[in-house]
Amino acid sequence: MGAALGHTQSLHTNALDEAIALPTDFSARIARNTQIYIQEETYITKEIDPWAGSYYVEWLTNELAHKAWEHIQEIEKLGGMAKAIETGIPKLRIEEAAARTQARIDSGKQTIVGVNKYRLEKEAPIDILEIDNTAVRESQVARIVELKGKRDEAAVQAALEAITKCVETKEGNLLDLAVKAAHVRATLGEISDACEKIAGRYKAVIRTISGVYSSENKQSDDFKKATELCEKFAKREGRQPRIMIAKMGQDGHDRGAKVCATGYADCGFDVDMGPLFQTPAEAARQAVENDVHVLGVSSLAAGHKTLVPQVIEELKKLGREDIIVIAGGVIPAQDYDFLYQAGVAAIFGPGSPVSRSAWQILEILLGEE
Ligand code: B12
């Protein structure tokens, strides 16, 4: 309703199983019908501006415009958006806001119905859409092999060379050349590789923030318990507990990983944040090189059943099976046993309060669970 009243031009309603998996036909239908209900039973879409003249809404709009203007000015001072992105500021602001929101949800200052309030003692299981990752991967690989077998290879190579040349000389229209390459059936990977030959690969600067999570949540029992256990661990081991948070495979969802990283650092952990798109071997190597106590895998793109056992295997190969592996993110409950069998010590799904997961991890480290 907020979106419709705020003049949105396009609306997507998430399905009820949004934070668990891709939607089932049933949950997608409810989500779609929620929109149809708003559209056809409440009539709010018939009115162009139902809030016109509302003093309160005008005031809110004014506030929003001024706050947005502050951000725009900050970006202008940095020399425009392209320069701002290079400094990592826009991403940092998003991460600060995410950490603050998470802390407010964890401390109960902000209500999310069914997540931090009005929860059932025991949730009844719901039907989840299961996707066979391996089968999807194999069929995609087969499609690409078939495509590559049928296309005019000389035309593809010429189109890719034109792209590389354009990047090198900065002459020509790169987008136009990319579209032409796609027409002769070059893949997205090949098109970006053709650019990468000259331009290299963009590596995001990983910057972690501190103090944002604790500023909203340091009075909570969970936070206090986490900091106490951190101190206890540090006294026992002579150094702070060290955790690496890894993002592996093609999963670009780093919000939760970053929120956990900043929250754990505020609780007293030493935190290493791995880059996006690591392979299990790379993640395991970084964990070993940094001599972490815990490797935390954040998985939201349904790769957990493949990538988590692989990273555990890689740690074993490096002789570091003592590093505790935990997992978090969009992992459906029916996959928990599979991951526990593979050697995962704990799993934290969406809605897990960060400081609570922090002390639960510390209890495992201290052998107190
Ligand atoms: C935001 C979001 C995006 C953003 C991501 C921005 C970013 N930089 O992170 C954008 C728009 C880019 C995006 C893109 C896509 N998304 Co998306 N996205 C989401 C969404 C709505 C919220 C995720 C989020 O940030 N939550 C907030 C954070 C704070 O919560 P969290 O990550 O769950 O973390 C908490 C816990 O899980 C846990 N945790 C997480 N990690 C870790 C790690 C450790 C060590 C520990 C201890 C705990 C822990 O602690 C955190 C605090 O409680 C989810 C659905 C959902 N509601 O969860 C879909 C979702 C993850 N996306 C999905 C999909 C399909 C996609 C796309 C493929 C869509 C498309 N077709 O292009 C792309 C893929 C991009 C890519 N390369 O990976 C699916 C994945 C389906 C699945 N797993 O089976 C989901 C589940 C939506 C759905 N139901 O369909 N997405």
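Above this text is the structure in question.
Reading the values: the criteria
Residues numbered from 1 in each chain as written. Predicted model: local features only at pLDDT ≥ 70, side-chain atom pairs only at ≥ 80, totals over all residues. Heavy atoms only, no water. Buried < 20%, exposed > 50% of the residue type's maximum accessible area, 1.4 Å probe, protein only. Helix = DSSP H or I, 4+ residues; strand = E, 2+ residues; numbered from the N terminus. Pairing = 2+ DSSP bridges. Right-handed = clockwise from strand over helix to strand, strands pointing away. Donors = N, O, S within 2.8 Å, 3.2 Å for Na, K, Ca; no water. Axes fitted to C-alpha atoms, helices over the stretch in contact; angles between N-to-C directions. Contact = heavy atoms within 4.5 Å. Phe/Tyr/Trp six-rings, centres within 6.5 Å; stacked < 30°, edge-to-face > 60°. Lys NZ or Arg CZ within 6 Å of the ring centre and 35° of its normal. Near = heavy atom within 4 Å. Polar contact = N/O pair within 3.5 Å; in protein donor to acceptor, adjacent residues only side chain to side chain. Nonpolar A, V, L, I, M, F, W, Y, C, P; charged D, E, K, R; others polar. Domains from an automatic or database assignment.

Caption draft 1: Focus on the pairing of strand 3 (residues 294–299). Among the 6 residues that make up strand 3, 6 are buried, leaving the element largely enclosed by the rest of the structure. Burial of the side chains of strand 3 extends over both faces: Val294, Gly296 and Ser298 are buried on one face and Leu295, Val297 and Ser299 on the other. For strand 1 (residues 242–246) and strand 3, the ladder comprises 4 bridges, and the chain directions are parallel. Residue pairing across strands places methionine 244 opposite leucine 295, the latter belonging to strand 3. Of the strand pairs in this sheet, strand 3 and strand 4 (residues 324–329) are connected by 6 bridges, and their pairing is parallel. Counterpart to glycine 296 in the pairing with strand 4 is isoleucine 326. The β-α-β motif built from strand 3, the intervening helix 14 (residues 304–317) and the parallel element strand 4 has right-handed crossover chirality.

Caption draft 2: Region of interest: the coordination of the cobalt atom of the ligand. Among protein residues, the single donor to the cobalt atom of the ligand is His253 (NE2), with a metal-donor distance of 2.2 Å. Among the secondary structure elements, histidine 253 is positioned in the loop between strand 1 and helix 12 (255–267).

Caption draft 3: Focus on the sheet that holds strand 1. The 5 strands are arranged 2-1-3-4-5 in an open sheet whose pairing can be described as parallel. Only two strands of the sheet have a single partner each, and these edge strands are strand 2 (270–273) and strand 5 (346–348). On average, adjacent strands in this sheet sit at an angle of 20° to one another, irrespective of strand direction. In terms of strand pairing, strand 4 meets strand 5 through 3 bridges, oriented parallel. In the strand pairing of strand 5, isoleucine 326 is matched with alanine 346. Across the sheet, helix 13 (residues 280–289) is in contact with strand 1, strand 2 and strand 3; its angle to strand 1 comes to roughly 165°.

Caption draft 4: View of the packing of aromatic side chains. According to the stated counting rule, one finds 4 aromatic pairs in the structure shown. A ring pair is formed by tyrosine 213 and phenylalanine 223, whose centres lie 6.4 Å apart and whose planes are at 35°; its orientation type is tilted. Taken together, the residues tyrosine 213 in helix 10 (residues 212–217) and phenylalanine 223 in helix 11 (residues 221–237) connect sequence positions 10 residues apart. For the pair tyrosine 213 and phenylalanine 223, a shared accessibility class is recorded, and that class is buried. Centroid distance tyrosine 336 to tyrosine 340: 6.3 Å. Interplanar angle 85°. Geometry classified as edge-to-face. Here the residue tyrosine 336 and the residue tyrosine 340 both occupy positions in helix 15 (residues 336–342), the gap between them amounting to 4 residues, near one helical turn. Looking at lysine 225, its charged tip hangs above the ring of tryptophan 359, at a distance of 3.6 Å from the centre. Taking NZ or CZ as reference, lysine 305 lies 5.3 Å from the ring centre of phenylalanine 338, over its face.

Caption draft 5: Structural view of the site of the ligand. Around the ligand sit 30 residues in total, of which Glu18, Gly252, His253, Asp254 and Ser352 are the nearest. For the ligand, an oxygen atom lies 2.6 Å from a polar atom in the backbone of glycine 252. Residue serine 352 places a main-chain N or O atom 2.6 Å away from an oxygen atom belonging to the ligand. Elements that contribute at least two residues to the shell around the ligand include exactly helix 12, strand 3 and strand 4. Top element by residues in the shell around the ligand is helix 12. It accounts for 4 residues. In the shell around the ligand, the residues fall into 14 nonpolar, 12 polar and 4 charged. Counting only domains with at least three residues in the shell around the ligand, you end up with domain 1 (2–106) and domain 3 (212–366).

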